[in-house]
Amino acid sequence: MKINIVNKSNNPLPKYETSGASGLDLKAFISSDIIMKPLERKIIPTGLYISMPNGIEAQIRSRSGLSYKKGLTMANGIGTIDSDYRGELKVLLVNLSTEDQIIKNGDRIAQLVFCKIESAQLKEVEFLDDTKRSEGGFGHTGI
Ligand SMILES: O=c1ccn([C@H]2C[C@H](O)[C@@H](COP(=O)(O)OP(=O)(O)OP(=O)(O)O)O2)c(=O)[nH]1
Ligand SMILES: [Mg+2]
């Protein structure tokens with residue numbers, strides 16, 4: 001899949017770190033260090049702009065190592081990048097650790113994953129077909 005990308009940052013283009021990697025690591029594009037206090041949320045710019053084919057979305061996902069080691073994870077769970085979005089890719093971080101965390105230009109703060117998506121045509125009905133699970137959920141089948 002070809003993705004057009006504009007790089008206004010002073011960092012190299014994101015790359016897959018291994019041949020089977022799902023995500024391209026996104027780097028912070030900042031002119032000075034950012035300090036994040038415990039529970040603070042900040043939008044971190046990347047300097048990157050993309051356009052992608054119809055039927056594709058991009059997701060910004062947290063990096064597990066950063067979440068584990070520094071408590072820096074994404075406040076919005078997974079960031080959804082709409083295929084018609086032409087603005088800068090931004091990463092909404094939250095510091096879930098008990099200490100201040102410092103982010104420097106070029107730090108790999110999240111990862112970008114491209115996925116196929118379907119556009120749904122909603123058809124309103126009175127009843128849904130029944131299934132063995134029916135309405136059971138949230139541990140219905142046991143732990
Ligand atoms: O982590 C993110 C999430 C979103 N976006 C950009 C791309 C996306 O296409 C746009 C809107 O995101 P979303 O739909 O999640 O936000 P919203 O709060 O629903 O805003 P909007 O009303 O603009 O859709 O913001 C990012 O750069 N990073
Ligand atoms: Mg939206």
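Residues numbered from 1 in each chain as written. Chains lettered and ligands numbered in written order. Predicted model: local features only at pLDDT ≥ 70, side-chain atom pairs only at ≥ 80, totals over all residues. Heavy atoms only, no water.

- For the chain, an unreviewed UniProt entry supplies the name Deoxyuridine 5'-triphosphate nucleotidohydrolase and the organism Citroniella saccharovorans.
- UniProt annotates the chain under Function (unreviewed entry) with the comment "This enzyme is involved in nucleotide metabolism: it produces dUMP, the immediate precursor of thymidine nucleotides and it decreases the intracellular concentration of dUTP so that uracil cannot be incorporated into DNA."
- UniProt, in its Sequence similarities (unreviewed entry) section for the chain, records the words "Belongs to the dUTPase family." (UniProt positions renumbered as here; feature names shortened; annotations may be inferred.)

What to know about the site of ligand 1
Consideration 1: For ligand 1, the full set of nearby residues is Ile60, Asn76, Gly79, Thr80, Ile81, Asp82, Tyr85, Glu88, Leu89 and Lys90.
Consideration 2: Lys90 places a main-chain nitrogen or oxygen 2.7 Å from a nitrogen atom of ligand 1.
Consideration 3: Here ligand 1, which alone exposes 560 Å², has 48% of that area covered by the protein.
Consideration 4: Sorting elements by how many residues they give to the shell around ligand 1 places strand β8 (residues 79-81) first, with three residues. (Near = heavy atom within 4 Å. Polar contact = N/O pair within 3.5 Å; in protein donor to acceptor, adjacent residues only side chain to side chain. Areas by Shrake-Rupley, 256 points an atom, 1.4 Å probe, with all protein chains shown as cover. Helix = DSSP H or I, 4+ residues; strand = E, 2+ residues; numbered from the N terminus.)

Focus on the pattern of salt bridges
Where charged atoms from two side chains of opposite charge approach closely, those side chains can pair.
Consideration 1: In the structure shown here, the tally under the stated rule is six salt bridges.
Consideration 2: For Glu17, the salt bridge identified is with Arg108, shortest N-O distance 3.8 Å. Remark: Arg108 occurs in strand β11 (residues 108-116) and Glu17 occurs in the loop between β1 (4-7) and β2 (24-27); sequence separation between them is 91 residues.
Consideration 3: For Glu17, a relative accessible area of 41% corresponds to the partly exposed category. (Salt bridge = Lys/Arg side-chain N within 4 Å of Asp/Glu carboxyl O. Buried < 20%, exposed > 50% of the residue type's maximum accessible area, 1.4 Å probe, protein only.)

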